[in-house]
Amino acid sequence: MVVAGDDMVYTGSTDGKIQVWAHSPSEDNLGHGQRHRHGLVVTLEQHRSVANALVLSDDGAVLYSGACDRSILVWEREELANHMAVVGALRWHDKAILCLACVRDVLFSGSSDRVVKIWQKEGEGKGYSCLGVMEGHATGVRSLVAVRLPTAADEEMTMVGGSEKKWILF
């Protein structure tokens, strides 16, 4: 599950579907005022297996979804339809995608194949390229956290943490 800045909620499920939920206030039956609920807006169907991982880009315009079919789908917001549409797929893992993390224009994917891959969009209208592979995990990579850290040289580094208490600076 991932929550966007506009209160949209994205959930992945075992049937491979991604459901998009929007905030819709409603009156409480007991007269207690408004309750905060989310209603289903649309169901996104493209994965052929369990949708394990979801992450949004920093601006919320791109949704990445990873599944057991070893694919990462790239979804971009269609303004006229007010939902996401698939614009690409990344398929270079050998096993199921278990987790995703995104910092700015860099995507990190962790997999049952025990590696983390680093992806970056090549440019407007172009695909993604794999910038690198982090190997050395003893088991599948189940969780990732990516955080931008300022450095003394006025640059930024990204710190990536996996499931084995390892932190890698990138």
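Position numbers for residues count from 1 along each chain, tracking the sequence in the order it is written. Local features in this predicted model are restricted to residues whose pLDDT is 70 or higher, and side-chain atom pairs enter the listing and the counts only when it is 80 or higher, whereas totals over whole chains, interfaces and linings include all residues. As a convention, hydrogens and water are excluded, and side-chain values are obtained from all of the structure's heavy atoms.

## Here we look at the nonpolar core
(1) Moving on: Definition used in this section: a nonpolar core is a set of buried Ala, Val, Leu, Ile, Met, Phe, Trp, Tyr and Cys residues joined via side-chain atoms within 4.5 Å. Only protein chains enter the accessibility calculation, which uses a 1.4 Å probe. A residue is then buried if its area is under 20% of the maximum for its type, exposed if over 50%, and partly exposed in between. Ranked by size, the top nonpolar core spans 15 residues in total, and within it Tyr10, Ile18, Leu44, Leu56, Leu63, Trp75 and Met84 carry the most contacts.
(2) Moving on: Those elements giving two or more residues to this core turn out to be β3 (17-23), β7 (51-56) and β9 (72-78).
(3) Moving on: Leaving out residues up to four positions away in the same chain, Trp75 has contacts with Ile18, Leu44, Glu45, Gln46, Ala61, Val62, Leu63, Ser65, Met84, Ala85 and Val86. Counting from the N terminus, the helices are the DSSP runs of H or I reaching at least four residues and the strands are the DSSP runs of E reaching at least two. Any pair of residues with heavy atoms lying within 4.5 Å of one another is described as a contacting pair.

## Quick notes on the UniProt feature "repeat: WD" (unreviewed entry) in the protein chain
(1) Moving on: UniProt positions are given in the numbering used here, feature names are shortened, and annotations may be inferred rather than shown by experiment. UniProt marks residues 44-76 and 90-120 with the feature "repeat: WD" (unreviewed entry), using the numbering shown here.
(2) Moving on: Each end of residues 44-76 is marked by a C-alpha atom, and these two atoms are 12 Å apart; helix forms 0% of the span and strand 58%.
(3) Moving on: Secondary structure content for residues 90-120 is 0% helix and 61% strand, and the end C-alpha separation is 11 Å.

## Observations concerning the sheet that holds strand β1 (residues 2-3)
(1) Moving on: Being paired, for any two strands, means DSSP has found at least two bridges between them. Read across the open sheet, the four strands follow the order β1-β2-β3-β6; overall the sheet is antiparallel. Lying at the two open borders of the sheet, with one neighbouring strand each, are β1 and β6 (38-45).
(2) Moving on: Sheet analysis places strand β2 (residues 9-12) next to β3, joined by four bridges and oriented antiparallel. Pairing of Tyr10 across the sheet is with Val20, part of β3.

## Some points on the pattern of salt bridges
(1) Moving on: One speaks of a salt bridge when a side-chain nitrogen belonging to Lys or Arg is within 4 Å of a carboxyl oxygen belonging to Asp or Glu. A full pass over the atoms with the stated rule returns two salt bridges.
(2) Moving on: The closest approach of N and O atoms between Arg77 and Asp6, which form a salt bridge, is 3.9 Å. Placement of Arg77 in strand β9 and of Asp6 in the loop between β1 and β2 is noted, with a sequence separation of 71 residues between them.
(3) Moving on: Accessibility expressed as a relative area gives 45% for Asp6, which makes it partly exposed.
(4) Moving on: A salt bridge links Lys121 to Glu76, with the shortest nitrogen-to-oxygen separation between them at 3.2 Å. With Lys121 in strand β13 (residues 116-121) and Glu76 in strand β9, this pair connects stretches of sequence that are 45 residues apart.
(5) Moving on: The class of Lys121 is partly exposed, set by a relative accessible area of 26%.

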